[in-house]
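Topology and contacts: notes
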Amino acid sequence: EAARLLDGYRQQIDELDIRILDILNDRTRIVEKIGAVKREAALPVYEPKREDAVYQNVLGHNKGPLSEGAVRRLFERIIDEMRTLQRERNKKENGQ
């Protein structure tokens, strides 16, 4: 019984993981567009006010069970990876 339940839950997790990955890739495609605009306008990759707005948005919509700290840490990681992507793209565009 336990093995059957665990298999079912794990299958649900696997399906959710694929959905999360798809959403992260959608987000990344938009970040790439933002990066292109920033490059053309010579704007910095790092925008603390925008990052604060992202945190406020997600924390304001969090209904749990994830804690506020967990949500913040997850989005810190996502934002960090997006910044890294923009910086790598900038280096590539500048021939470095």
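Placed above this text is the structure.
Note that the structure is a prediction, hence the values are computed from the model and not measured. (Residues numbered from 1 in each chain as written. Predicted model: local features only at pLDDT ≥ 70, side-chain atom pairs only at ≥ 80, totals over all residues. Heavy atoms only, no water.)

Oppositely charged side chains may form a pair once their charged atoms are brought near each other. According to the stated counting rule, one finds eight salt bridges in the structure shown. The residue Asp26 makes a salt bridge to Arg29 at a minimum N-O spacing of 2.8 Å. Here Asp26 pairs with Arg29, and both are found in helix α1 (residues 2-41), just three residues apart, close to one helical turn. The salt bridge partner of Glu47 is Lys38, with a shortest N-O separation of 2.9 Å. Here Glu47 falls in the partly exposed class, since its relative accessible area comes to 34%. Accessibility expressed as a relative area gives 9% for Lys38, which makes it buried. What you see here is one network of salt bridges that share partners, running through Glu51, Arg77, Asp80, Glu81 and Arg83. (Salt bridge = Lys/Arg side-chain N within 4 Å of Asp/Glu carboxyl O. Helix = DSSP H or I, 4+ residues; strand = E, 2+ residues; numbered from the N terminus. Buried < 20%, exposed > 50% of the residue type's maximum accessible area, 1.4 Å probe, protein only.)

Turning our attention to the packing of α1 against helix α3 (residues 68-93). For the pair α1 and α3, interaxial distance at closest approach is 10 Å and the crossing angle is 45 degrees. One element, α1, and the other, α3, form an angle in the oblique class. Judged by the twist between their axes, the crossing of α1 over α3 is right-handed. Counted together, Leu24, Arg27, Thr28, Val31, Glu32, Ile34, Gly35, Lys38 and Arg39 of α1 and Ile78, Ile79, Met82, Leu85, Gln86, Arg89, Asn90 and Glu93 of α3 form the full contact between these two elements. The class makeup of the residues in the contact of α1 with α3 is seven nonpolar, four polar and six charged. (Axes fitted to C-alpha atoms, helices over the stretch in contact; angles between N-to-C directions. Parallel < 35°, antiparallel > 145°, perpendicular 65-115°, else oblique. Left-handed = near helix turned anticlockwise from the far one by under 90°. Contact = heavy atoms within 4.5 Å. Nonpolar A, V, L, I, M, F, W, Y, C, P; charged D, E, K, R; others polar.)

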